[in-house]
Amino acid sequence: MFHRPERALSRALLLSACGPVLAAGVDTPSPDALGGIEVEGSAIEETLPAELAAYGAEREVIEGLTLEETGMSDVAQALERLVPGLFVAPRAGRGSYVDASLDGSRTQDVLWLVDGVRINNRLYGSTTPLDSITTQMIDHIEVLRGGQGLFYGTQAVAGVVNIVLRKPKAERGGELRLGTGTLGDRRAAGHVTGPGPLGEWLVFGAYDESDGYEPFERDAYQANARRQDRGFKRQSIGAKYSASPMADSSLRVLALYNDAAADNAKPVNNYHSLNDRDEVIASIKWDQRLSDRFSYYAKGYWHSWWTDYTRIGLDDDGSRHVINDGDEWGYDDYGANLAGRYIAPGGSQLLLGYDFQSYSGRDYVLRIDEQAETVHAGFAQFRPVLAFSPDPRIALGARYNHSDFGGEHTIWNASLDQPLEASKTWGRDRSYVKQCSGACRNAGDGGNMHTKMYLFSRTGKYRNVTMISSSNLNRGGMKAGWNDMVILKDRPKTYKYHLKVHRAMTKEVRADKDGLSKKDGPYLSRFFPIRKAGKL
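Residues numbered from 1 in each chain as written. Predicted model: local features only at pLDDT ≥ 70, side-chain atom pairs only at ≥ 80, totals over all residues. Heavy atoms only, no water.

Within the chain, the regular secondary structure consists of 7 helices and 29 strands. If you take every contact in the chain between residues at least 6 apart in sequence, the share linking residues at least 24 apart comes to 61%. When the accessible surface of the chain is totalled, it reaches about 24,200 Å², and 55% of it is carbon and sulfur. (Helix = DSSP H or I, 4+ residues; strand = E, 2+ residues; numbered from the N terminus. Contact = heavy atoms within 4.5 Å. Areas by Shrake-Rupley, 256 points an atom, 1.4 Å probe, with all protein chains shown as cover.)

Laid out in structure tokens, this is it:
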């Protein structure tokens, strides 16, 4: 089995050939840990979660297709169902305060990101950050467990949840989805994408509305409170642009605007109360690979989250009075990141970066004066490749934070991941050769799987590409054999299934039955481990 990274060719490449040779490639240190990550040129930020997983961090990826299959438009509800150990519970429906916990953590110790942009409310750790986007606009969600402060900084004590939005495509296309349900649930979402100057663009929008429900029992309402359903309404519009103005570079721009209104029912002194929110998420990022050894990125972001709170009270005699008249509360969060990677001739890596964050928030409802924090941070991580023993994956890192609110802090960490598969021979570029015992899925029984597959998570403008070939890479195949190839593009189910089989071959997981099959639309993939083929 041969595995080699192909950085310039594709985001992820896996090749498989039968019998003694099987090839696989990803642009990261471990094929098992990094399987589904997308790698494009020097996109350090995008590949970082998968790289951290290769060095010992626990990472989970929820694909957009999986989210769609749940039928949910609420990200919080979908995450709680799909991520073991992640607890997300709105106290009174969508748009309200939440109690969140990742593996038993406090709510404020989980860092939430949208396309890498911080969306946490530091003023109130329990303010929901999950109404920023509907599930229909999500490409995938990455969850990193455990302390991730080295690269992500404050509020990543328990882990990081990054919501990655759909990406622009070079081919013109789009989609519109409509839905309805109980409690007056109405939703619509759509997007269009296509080629533009030097790159691709995508425009998306969504509308979600629900009449809601009464969050209190009837006997909980006092005489001076009107029974009120807790409704929710959100309108979203956004755009993304991606371009490559020069070789080995990319420019990415994101702009997202949300207008949301959430009722805030109360059991006492309340006729009507409403949070009317405006939210803006924006970022611009430049990635460039200057050589095979050095790459970097620079990014700026801005997140604005402001709510006008209106509450009309109710007296015992039925008269009404204004308690809050559009009183403002919210925050602004903006910053910049600069990071680079150097790959030494022996394969060792050095990552260096600078992180700037500026946050300010206030609350005129609860009379909280403006709170602000500015953070300057530098971080570094060294990943040595030992010439005498290239198997261990070692990482040593440190981060220095200077905050005008919290003072100075230095953190460090070290990790080691030791592959235990003795049949692998590792190269300096993290490629590997693996000799299977007989066929890779027959666990020593001999035989021949006779599979040739080439898998690309992305190559050029296409994603989830599966290539199946009957070609034998030898003289007989070249001169006397019949060689053909079937190529399927934009087929995530087929790609993931072949990737699953490839990993089973890498680990020599014994086939539990003679045939495997996977249907994806009009296409059917089949695998047949031929047992004891050498004795025929």
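Next, the rest of the story.
This part takes up the packing of aromatic side chains. Tallied over the full model, the rule gives 7 aromatic pairs. For the pair Phe216 and Tyr221, a centre-to-centre distance of 6.0 Å together with 85 degrees between the ring planes defines the contact as edge-to-face. Between the aromatic rings of Trp305 and Trp329, the centroid separation amounts to 5.2 Å while the plane-to-plane angle is 70 degrees, which identifies the pairing as edge-to-face. Placement of the pair is Trp305 in strand β17 (residues 294-314) and Trp329 in strand β18 (residues 320-343), with a sequence separation of 24 residues. In terms of burial, Trp305 and Trp329 fall into one category: buried. Across the ring face of Tyr271, the terminal group of Arg226 is positioned such that the distance to the ring centre comes to 4.5 Å. One residue, Lys285, lies across the ring of Tyr297, its end atom 5.2 Å from the ring centre. (Phe/Tyr/Trp six-rings, centres within 6.5 Å; stacked < 30°, edge-to-face > 60°. Buried < 20%, exposed > 50% of the residue type's maximum accessible area, 1.4 Å probe, protein only. Lys NZ or Arg CZ within 6 Å of the ring centre and 35° of its normal.)

Bringing the side chain of Ser469 into the picture now. By secondary structure assignment, the location of Ser469 is in strand β26 (residues 462-469). Polar contacts involving the side chain of Ser469 include one to the main-chain carbonyl oxygen of Asp484, which spans 3.0 Å. Apart from residues lying up to four places away in sequence, Ser469 is in contact with Lys452, Tyr454, Asp484 and Met485. (Polar contact = N/O pair within 3.5 Å; in protein donor to acceptor, adjacent residues only side chain to side chain.)

With that settled, the discussion passes to the side chain of Gln148. In this structure, Gln148 sits in the loop between β9 (138-145) and α5 (149-152). For Gln148, a relative accessible area of 9% puts it in the buried group. Excluding residues that lie within four positions of it along the chain, Gln148 makes contacts with Leu52, Ala57, Gly153, Ala156, Gly159 and Val160.

By size, the foremost hydrophobic cluster in this structure holds 34 residues, and its most contacted members are Leu79, Trp112, Ile133, Ile141 and Ile163. The dominant element in this core, judged by the number of residues it contributes, is helix α4 (residues 75-82), at 4 residues. The next biggest cluster of nonpolar side chains, apart from the first, holds 16 residues, and it includes Phe151, Tyr152, Val160 and Tyr297. (Core = buried A, V, L, I, M, F, W, Y, C linked by side-chain atoms within 4.5 Å.)

What follows concerns the confidence of the model for the chain. On average, the chain scores 80 in pLDDT, and the residues at 70 or more come to 78%. Below a pLDDT of 50 lies the segment residues 1-42, which in the model reaches 169 contacts outside its immediate sequence neighbourhood of four places, other chains included. Ignoring residues within four places in sequence, the model shows residues 530-536, a span with pLDDT below 50, making 16 contacts including any to other chains. (pLDDT = per-residue confidence, 0-100.)

Let us now look at α4. Each α-helix turn comprises 3.6 residues. Residues three or four places apart therefore point the same way. The complete set of buried residues in α4 reads Val75, Ala76, Ala78 and Leu79. Buried residues of α4 fall within an arc of 165 degrees about the axis and therefore sit on the same side. On its buried side, α4 packs onto α3 (64-70), β5 (86-90), β7 (110-114), β9 and β10 (159-165). (Arc of directions from axis to C-beta.)

So, about the sheet that holds β17. Taken in spatial order, the 12 strands of this open sheet run β11-β12-β13-β14-β15-β16-β17-β18-β19-β20-β21-β22, and their pairing is antiparallel. A strand with exactly one partner marks an edge of an open sheet, and here the two such strands are β11 (173-181) and β22 (407-417). Looking at each pair of strands side by side, their axes are set apart by 10 degrees on average, direction ignored. Across 14 bridges, strand β19 (residues 349-363) lies against strand β20 (residues 368-383) in antiparallel orientation. (Pairing = 2+ DSSP bridges. Axes fitted to C-alpha atoms, helices over the stretch in contact; angles between N-to-C directions.)

Moving on, we get to the environment of Val143. The residue Val143 is located in strand β9 in this model. Non-local contacts of Val143, meaning those with residues more than four positions away in its chain, are made with Glu58, Arg59, Glu60, Ile62, Val83, Leu102, Val160 and Val161.

Once that is clear, we can look at the sheet that holds β9. Strand order in the open sheet formed by 5 strands is β4-β9-β10-β7-β8, with mixed pairing between adjacent strands. With one partner strand each, in any of the chains shown, β4 (58-63) and β8 (117-118) form the two edges of the open sheet.

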